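Coordinate analysis (summary)
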Amino acid sequence: MGTLARKTDIRVEAVDPAQLREQELLRRVQGGEKQLFYELVKPYERRVYSAAFAILRNEADAEDAAQEAILKALTHIGQFRGDARFSTWLTQITVNEALMRRRRDHSEVMEPIGDRQEEDGSYTPRDFADWREIPSEALERKEIRQKLAAAMAMLTHKYREVFVLRDIQHLSIEETAKALGISRASVKTRLLRARLMLRDLLAPGFGGAWFARLPFEKGSKPW
Amino acid sequence: MVVSCEHVWDEISNYVDGEVDTALRAAMEEHFKGCKHCTAVLDGTRNVVQLYGDDRLFELPAGFSQRLRRRIVQEASWSGFRSARSLWMLAVAATALIAGGLALGNSALFRQPDLRSALAKPPHGVPASLMVAVCGDGKVFHVPGCKYMHKHDDENPRMMTAAEAVREGYAPCVRCLRQYLSARIECPRSSPPPPLVAVQLSVRNATSNFKGLN
């Protein structure tokens, strides 16, 4: 009888020190050292805030919702089993908190863009402006960040939520679908529309209008 | 495989995410080579994904971190206090339960059996070992020698402890043991109850006339 040679596949995974530290902090916080919770959420502060802001579109409400979501996470930290990443779990709590507040406050009376086209139909780009390069320093400028935030605020919430979770929070399609309680196909369709709508809104500006008017750039110096 | 512009727009987001199959990817890439508009849409879509995926996009409001940290510290302290309080309350409740059980067990003396007199007031706080006297057909117990004890001339009062008397349904005499009644009986003719020392003195005097003890 022949002997089957069995190859042992030993996979050595690189251990991320930040992840190890997060796991250690998680273990200690779940063990009762709740004062360490801030250290645990500190790397995700901006993500949590941006998720809340993207849904609520108001700084004060976003901060309130973000802090409330983080405190809820602290209260229920014992229920986190590590099935998902801690950041994903935190994001889901934040999205739920923000959605709940938005429903409660009925703050959205008008949705300026997105409802004009049915979700099932194709989206036709309105603008074909050439937008090939992004200046690397673009995001360092406050007015550019404001333009981006304003463009996103123009999306109707069903597109904005998917876009935020996928492209800002970097959740997977499955995670996004689960967080919002919609199907994978809906996530894909809404994401496509959100991206194309934002491109329509931003391409003309990034394609030249916003940057051509800037002083002291090449070709526009006053001397 | 040839794809139209409309097909490209429908799939462009999946293309950016790497969610299209090999054949469609190849067809789309071929399409981009000859379509300026679709190339512009592709570049713009990639730029949107890149810009919004950058952490620098959303600035935290000034003081956000400090306020968050403060709230977490407050919540953690309050949570610790709640847990400690719960433990303390549990301990106190358990102690009270045990003490209550013991007290109930020891207070069998004061569980009221059916009193011999329906009108009598039940005793309250009478020392269990106090020696008292009862008569055969009486309904109350007395300090030995109490002049209000109804007894026949030839009868010797029965001596027992107050605990035994209570168990047998006797009630305290409203005169010599009135301080041990659960509700005072105000008799217009009677003087206020004497202090305990006075009671003891009167008992001492009374015992000299008490046949059973002499």
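All figures in this text were calculated on a predicted structure; none of them were measured in a lab. (Residues numbered from 1 in each chain as written. Chains lettered and ligands numbered in written order. Predicted model: local features only at pLDDT ≥ 70, side-chain atom pairs only at ≥ 80, totals over all residues. Heavy atoms only, no water.)

Things to note about empty space enclosed by the protein
Take a probe with the size of a water molecule and roll it over the atoms, and the empty space left behind shows itself. Considering all chains together, one arrives at 1 cavity of 30 Å³ or more under this definition. In this structure, the largest cavity spans a volume of roughly 80 Å³. Surrounding the largest cavity, Arg46, Arg47, Ser50 and Ile168 of chain A together with Tyr52, Gly53, Asp54, Asp55, Leu57 and Phe58 of chain B form its lining. The leading source of residues in the lining of the largest cavity is helix α3 (residues 45-56) of chain A, at 3 residues. (1 Å grid on protein atoms, 1.4 Å probe; cavity = no way out; pocket = protein on both sides within 12 Å on 5 of 7 lines; lining within 4 Å. Points joined across faces, edges and corners; volume = space filled by probe spheres on them. Helix = DSSP H or I, 4+ residues; strand = E, 2+ residues; numbered from the N terminus.)

A short note on the layout of surface pockets
All names here are of chain A. By volume, the second largest pocket is sized at about 370 Å³. Lining the second largest pocket are 18 residues, with Ala18, Gln19, Glu22, Tyr44 and Phe86 positioned closest to its centre. Within the residue set of the lining of the second largest pocket, elements represented by two or more residues are α1 (17-30), α2 (37-41) and α5 (86-105). It is α1 that contributes the most residues to the lining of the second largest pocket, 7 residues altogether. Per-class residue counts for the lining of the second largest pocket are 9 nonpolar, 4 polar and 5 charged. (Nonpolar A, V, L, I, M, F, W, Y, C, P; charged D, E, K, R; others polar.)

Some words on the interface of chain B and chain A
The partner chain A presents 55 residues to the 40 residues of chain B that form the contact. Inspection of the chain B/chain A interface yields 7 salt bridges. The partner of Lys188 of chain A in a salt bridge is Glu19 of chain B, with the nearest N and O atoms 3.2 Å apart. Contributing elements (two or more residues each) for the side of chain B that touches chain A: α1 (5-16), α3 (36-52) and α4 (64-106) of chain B. The element that contributes the greatest number of residues to the side of chain B that touches chain A is α3 of chain B, accounting for 13 residues. Across the side of chain B that touches chain A, the residue classes break down as 17 nonpolar, 11 polar and 12 charged. (Contact = heavy atoms within 4.5 Å. Salt bridge = Lys/Arg side-chain N within 4 Å of Asp/Glu carboxyl O.)

Describing the environment of Val126 of chain B
Tracing the backbone shows Val126 of chain B in the loop between α4 and β1 (131-134). For Val126 of chain B and Val166 of chain B, which are 40 residues apart along the polypeptide, the C-alpha to C-alpha distance reads 9.5 Å.

Some words on the pattern of salt bridges
Side chains that carry opposite charge are capable of pairing whenever their charged atoms lie near each other. Residues and elements named next belong to chain A. Tallying each qualifying case throughout the model produces 21 salt bridges over all chains. A salt bridge links Arg184 to Glu174; the nearest nitrogen and oxygen atoms lie 2.1 Å apart. Taken together, the residues Arg184 in helix α9 (residues 184-212) and Glu174 in helix α8 (residues 173-180) connect sequence positions 10 residues apart. Via salt bridges that share partners, Asp64, Lys72, Glu97 and Arg101 belong to a single interconnected network.

Overview of the nonpolar core
One finds Phe37 and Phe86 of chain A together with Tyr52 of chain B to be the most contacted residues of the largest nonpolar core, which totals 87 residues. Top contributing element to this core by residue count: α9 of chain A, with 10 residues. Setting aside anything within four residues of it in sequence, one finds Phe86 of chain A in contact with Glu22, Leu26, Phe37, Leu40, Val41, Tyr44, Ile77 and Phe80 of chain A. In this structure, Val126, Met160, Ala162 and Tyr180 of chain B belong to the second largest nonpolar core, which totals 15 residues. (Core = buried A, V, L, I, M, F, W, Y, C linked by side-chain atoms within 4.5 Å. Buried < 20%, exposed > 50% of the residue type's maximum accessible area, 1.4 Å probe, protein only.)

A look at the packing of aromatic side chains
What the rule picks out here adds up to 10 aromatic pairs over all chains. Through successive ring pairs, a cluster of aromatic residues spans Phe37, Tyr44, Phe80, Phe86 and Trp89 of chain A. Against the face of Tyr15 of chain B rests Arg25 of chain B, its NZ or CZ located 4.4 Å from the ring centre. The ring of Tyr148 of chain B is capped by Arg175 of chain B, whose NZ or CZ atom sits 4.4 Å from the centre of that ring. (Phe/Tyr/Trp six-rings, centres within 6.5 Å; stacked < 30°, edge-to-face > 60°. Lys NZ or Arg CZ within 6 Å of the ring centre and 35° of its normal.)

Describing the confidence of the model for chain A
As a general rule, the predicted coordinates of low-pLDDT regions are not to be interpreted in detail. Residues and elements named next belong to chain A. When pLDDT is averaged across chain A, the result is 79; 76% of the residues are at 70 or more. The weakest mean pLDDT in chain A belongs to α9 at 83; the strongest belongs to helix α4 (residues 59-75) at 93. Per-residue pLDDT stays below 50 along residues 213-223; that stretch engages in 9 contacts with residues further than four places along the chain or on separate chains. (pLDDT = per-residue confidence, 0-100.)

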